[in-house]
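Chain residues, written in single-letter form:
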Amino acid sequence: MSEQQNTAAETHDQIPAQWVKPYGDTLDDGRVQVSFTLPVPLDETAKEGAKMLALQMGLEEPAVVHSEAMGSGFSFFVVYGQCKHRVDLSKLKVAKPDFEVLDKDGVNALIAEKMGRRMVVVGACIETDAHTVGIDAIMNMKGYNGHKGLESYHEIRAINMGAQVDSEELVSRVIEEKADVILVSQVVTQKNIHLDNLTKLSDLLEAEGLRDQVILIVGGPRISHELAKELGYDAGFGTKTYAEDVASFAIHEWIKRKAA
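(A) Spatial organisation of the sheet that holds strand 4 (residues 75-83). Spatial strand order, 2-4-3: three strands in an open sheet with antiparallel pairing. Since the sheet does not close on itself, it has two edges, and those belong to strand 2 (31-38) and strand 3 (59-69), each with one partner. Geometrically, the sheet is characterised by an average inter-axis angle of 20° between neighbouring strands, direction not taken into account. Where strand 3 and strand 4 come together, eight bridges link them in antiparallel fashion.

Written as structure tokens, this is what we have:
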């Protein structure tokens with residue numbers, strides 16, 4: 001191989017650095033905005049405390065640009081500052097489901113071809129979580145942001161159990177419907193309650209001997225694929241996820257399991 005070819009091969013193997021830092025007014029100025037609540041009444045001392053906290057966070061030249069009282073003994077602050085750090089995106093490896101996203105027609109065609117019947121998907125917000133926006137966006141006919149929900153897929157039987165569904169009730173419905181897929185939404189995350197809820201469901205499925213028989217998917221604003229896998233789920237989806245993402249993963253996973 002010539003010297004020129006060697007150089008080309010080395011260049012191809014190397015991923016160029018992609019350093020980035022926050023952008024505010026001008027490129028690479030590092031300007032950021034943070035907001036937080038302090039458990040003290042709003043006064044000048046509280047404002048100075050908010051500024052000092054921003055400094056300890058590593059922000060340079062912090063300024064309190066908004067503050068207001070939040071009831072008795074609490075105050076809310078918005079602070080601008082300058083972040084001095086930057087990150088090389090080329091060095092990051094993000095865990096995510098590896099599958100081809102199909103459109104609605106593509107999903108329906110693949111289910112019909114490979115399964116020869118309708119795929120059964122049971123979805124719910126489990127335990128104390130009463131926020132149905134996420135599960136409705138994926139399951140309901142109208143969907144979200146121009147993306148129709150699973151109820152509109154003629155090759156999918158979508159069963160939306162709604163909010164505050166006990167894990168035991170969900171598992172019973174899964175058995176009754178002979179579900180292929182369980183779709184769980186978790187929006188409430190205070191004190192990491194979503195971790196307890198998701199672990200409980202996974203453990204119940206294991207105890208019933210169902211874990212390997214269903215495709216288990218979780219979604220929510222603080223859900224990542226990496227977290228989902230750690231909790232024993234097959235996939236995790238965060239914000240900006242639509243029905244076709246979930247449905248595409250489900251049918252590809254079903255095919256992969258049948259081939260195994």
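(B) How the structure looks around the sheet that holds strand 10 (residues 235-237). The strand order across the open sheet formed by five strands is 7-6-8-9-10, and the pairing between neighbours is parallel. Of all the strands in the sheet, the pair left with one neighbour each is strand 7 (156-160) and strand 10. Each strand axis lies, on average, 20° off the axis of its neighbour in the sheet, ignoring direction. With five bridges joining them, strand 6 (residues 119-125) and strand 7 adopt parallel strand pairing. Opposite Met119, over in strand 7, you have Ile156 as the bridge partner. Packed on one face of the sheet, helix 8 (residues 243-259) meets strand 6, strand 7, strand 8 (181-185), strand 9 (215-219) and strand 10 and runs near 155° to strand 9.

(C) Summary view of the packing of aromatic side chains. Summed over all chains, the structure comprises five aromatic pairs. Ring geometry for Phe99 and Phe237: centres 6.2 Å apart, planes at 80°, overall edge-to-face. One end of the pair, Phe99, is in the loop between strand 5 (87-88) and helix 3 (104-114); the other, Phe237, is in strand 10, with 138 residues separating them in the sequence. The pair formed by Phe99 and Phe237 is uniform in burial state, with each residue classed as buried. Centroid distance Tyr144 to Tyr242: 6.2 Å. Interplanar angle 25°. Geometry classified as stacked. Here Tyr144, found in the loop between helix 4 (133-139) and strand 7, pairs with Tyr242, found in the loop between strand 10 and helix 8; they are 98 residues apart in sequence, far enough to count as distant. Taken together, the ring pairs connect Phe99, Phe237 and Phe249 into an aromatic cluster. Over the ring of Trp19 we find Arg86, and its NZ or CZ is 4.4 Å from the ring centre. Across the ring face of Tyr153, the terminal group of Lys104 is positioned such that the distance to the ring centre comes to 5.8 Å.

(D) The arrangement of helix 5 (residues 167-177) in detail. For helix 5, the full list of buried residues reads Ser167, Leu170, Val171, Val174 and Glu177. Summarising the axial view, the buried residues of helix 5 lie within an arc of 135°, below the 170-degree limit, and thus occupy one face. Elements that come into contact with the buried residues of helix 5 comprise strand 6, strand 7, strand 8 and helix 6 (193-207). Within two residues after helix 5, Lys178 carries a phi angle of roughly 55°, on the positive side.

(E) Structural context of a nonpolar patch on the surface. Nonpolar side chains collect at one region of the surface, where Val20, Val87, Leu89, Leu92 and Val94 lie side by side and expose about 400 Å² of accessible area between them. As for its position among the elements, Leu89 is in the loop between strand 5 and helix 3. Residue classification places Leu89 among the partly exposed residues on the basis of a relative accessible area of 35%.

The rules behind these values
- Residues numbered from 1 in each chain as written.
- Predicted model: local features only at pLDDT ≥ 70, side-chain atom pairs only at ≥ 80, totals over all residues.
- Heavy atoms only, no water.
- Pairing = 2+ DSSP bridges.
- Helix = DSSP H or I, 4+ residues; strand = E, 2+ residues; numbered from the N terminus.
- Axes fitted to C-alpha atoms, helices over the stretch in contact; angles between N-to-C directions.
- Contact = heavy atoms within 4.5 Å.
- Phe/Tyr/Trp six-rings, centres within 6.5 Å; stacked < 30°, edge-to-face > 60°.
- Buried < 20%, exposed > 50% of the residue type's maximum accessible area, 1.4 Å probe, protein only.
- Lys NZ or Arg CZ within 6 Å of the ring centre and 35° of its normal.
- Arc of directions from axis to C-beta.
- Patch = residues over 30% accessible without salt bridge, like charges linked within 9 Å, V, L, I, M, F, W, Y side chains within 5 Å.
- Areas by Shrake-Rupley, 256 points an atom, 1.4 Å probe, with all protein chains shown as cover.
- Salt bridge = Lys/Arg side-chain N within 4 Å of Asp/Glu carboxyl O.

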